[in-house]
Amino acid sequence: MSKLDTRKKILIIEDEKNLARFLDLELSHEGYETSVEGNGRSGLDLALSQNWDVILLDLMLPDLNGFEVCRRIRKEKSTPIIMVTAKDSVLDRVAGLDDGADDYLVKPFAIEELLARLRALIRRSEAGQQTKKAEQQQIVFRDLIIEPQTRTVIRGNEIIQLSKRESSLLLILIENANTVVARDELLKNVWGYNEEVATNVVDVYIRYLRNKIDRPNRRSYIQTVRGTGYVMHS
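What counts as what
Every chain's residues receive numbers from 1 upward, in the order its sequence appears when written. Under the rules for a predicted model, residues below a pLDDT of 70 receive no local features and side-chain atom pairs below 80 are neither given nor counted, while totals for whole chains, interfaces and linings still include all residues. Note: side-chain values were computed over all heavy atoms of the structure, leaving out hydrogens and water. To form a nonpolar core, buried Ala, Val, Leu, Ile, Met, Phe, Trp, Tyr and Cys residues must be joined to one another through side-chain atoms within 4.5 Å. Burial here depends on accessible area, computed with a 1.4 Å probe over protein chains only, as a share of the maximum for the residue type. Under 20% is buried, over 50% is exposed, and the range in between is partly exposed. Secondary structure follows DSSP: runs of H or I at least 4 residues long count as helices, runs of E at least 2 residues long count as strands, and numbering of each begins at the N terminus. Whether two residues are in contact is decided by their heavy atoms, any of which lying within 4.5 Å being enough. A pair of strands is labelled paired if DSSP reports no fewer than 2 bridges between them. Helix axes use the C-alpha atoms of the stretch in contact, all axes being lines fitted to C-alpha atoms, and the angles between their N-to-C directions lie in the range 0 to 180 degrees. UniProt positions are given in the numbering used here, feature names are shortened, and annotations may be inferred rather than shown by experiment. A helix's residues, less one, multiplied by 1.5 Å, set its expected span. An angle counts as roughly parallel when it lies under 35 degrees, as roughly antiparallel when it exceeds 145, as roughly perpendicular when it falls between 65 and 115, and as oblique in every other case. For this classification, Asp, Glu, Lys and Arg are treated as charged, while Ala, Val, Leu, Ile, Met, Phe, Trp, Tyr, Cys and Pro are nonpolar and the rest, including Gly, are polar. When the centres of two rings from Phe, Tyr and Trp lie within 6.5 Å, Trp using its six-membered ring, the rings pair. Their planes under 30 degrees apart give stacked, over 60 give edge-to-face, and anything left gives tilted. Look at NZ for Lys and CZ for Arg. If either is within 6 Å of the ring centre and within 35 degrees of the ring normal, a charge sits over the ring.

A separate point is the nonpolar core. Counting residues in each nonpolar core, the largest one holds 27 residues, and the members touching the most others are L170, I213 and I222. Mapped onto this core, the elements with two or more residues apiece are β7 (144-147), α6 (164-175), α7 (183-191), α8 (200-213) and β12 (229-232). Every residue in contact with L170, bar those within four places of it in the chain, is listed here: I146, V153, L162, L209, I213 and M232. Core analysis: the second largest hydrophobic core is formed by 20 residues, I13, L57, I73 and M83 among them.

See below:
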């Protein structure tokens, strides 16, 4: 099995010493950076005081049980949590997931399954972080500042609110600046290419968009290419 390209930090909160030692050795061998805590309260403190890529959390812990540890972590952090426990009833699984766990693995388990679940959870977490980061970024196009997350355009001192489809159209055109984007392509990406939606709906929404972002008596940001589609020149 290949090593991870970057060392991910895994916190193991497990009071069963032999299992904790086994997980520590196996995860370290796979290239993870690990820390082990055998107490619910100290595990919670460590979970909140440092940044972790994943937390492996037992339920039956001294001082503070895993359900409570999970609930308290979720009040402050979105760190992915896998509950690793011998409690295998449906009610326990539902309680764990409802308390904020991202996955639930019943003991005994194959280490290969745990490793696969870890990789999948890290991939989902990283994808979510990238999406959130992209949404929070501002896009600057000429004298326009676009904030995708709030679907707003800032033009000078004016804040312009766009609808979801107006925002999607604008972002596609900006992403393809200086390239003509066909009406069919816009229809497919914004409306999902529903055959019941006529292609002229694109023209209608482009008109809405122009009315909002264009300056009076100035050339439109969005140029029509007759018979083809639209283009925005940088």
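As a further point, take the sheet that holds strand β1 (residues 9-13). Strand order in the open sheet made by the five strands is β2-β1-β3-β4-β5, with parallel pairing throughout. Every interior strand has two partners, whereas the edge strands, β2 (33-37) and β5 (103-106), have only one. Direction aside, neighbouring strands of the sheet carry axes that sit 20° apart on average. Note that β1 and β2 share five bridges and pair parallel. Paired with I12 across the bridge in β2 is V36. Along the sheet, helix α3 (residues 66-76) makes contact with β1, β3 (54-57) and β4 (81-85), crossing β4 at roughly 175°.

Once that is clear, we can look at the UniProt feature "modified residue: 4-aspartylphosphate" (unreviewed entry) in the protein. As recorded in UniProt, the sites labelled "modified residue: 4-aspartylphosphate" (unreviewed entry) are D58. Looking at where D58 falls in the secondary structure, it is placed in the loop between β3 and α3. Discounting residues that sit within four places of it in the chain, D58 has contacts with I13, E14, D15, G66, V84, T85 and K107.

The next subject is α6. Along its twelve residues, α6 runs 16 Å from first to last C-alpha, staying within 8% of the 16 Å computed at 1.5 Å per residue. Within α6, the full set of buried residues consists of E166, S167, L169, L170, L171, I172, L173 and I174.

Now for the packing of α7 against α8. For the pair α7 and α8, interaxial distance at closest approach is 9 Å and the crossing angle is 80°. Taken together, α7 and α8 sit at an angle that is classed as roughly perpendicular. Packed against α7, whose contacting residues are R183, L186, L187 and W191, the element α8 presents V201, V202, D203 and Y205 at the interface. Split by residue class, the contact of α7 with α8 holds six nonpolar, no polar and two charged.

Before going further, it helps to examine the packing of aromatic side chains. In the structure shown here, the tally under the stated rule is two aromatic pairs. Residues Y205 and Y208 carry aromatic rings whose centres are separated by 5.2 Å and whose planes lie at 70° to one another, so their mutual orientation is edge-to-face. Of this pair, Y205 and Y208 both sit in helix α8, three residues apart, which is roughly one turn of the helix. Taking relative accessible area as the criterion, Y208 reaches 37% and is therefore assigned partly exposed. Note that K9 overlies the ring of W52, its terminal NZ or CZ placed 4.6 Å from the centroid.

This next bit is on the environment of I73. The topology assignment puts I73 in helix α3. Spatially, the C-alpha atoms of I73 and A101 are 9.9 Å apart, while their sequence positions differ by 28 residues. The residues touching I73, leaving out its near neighbours within four places in the chain, are L44, A47, L48, I55 and I81.

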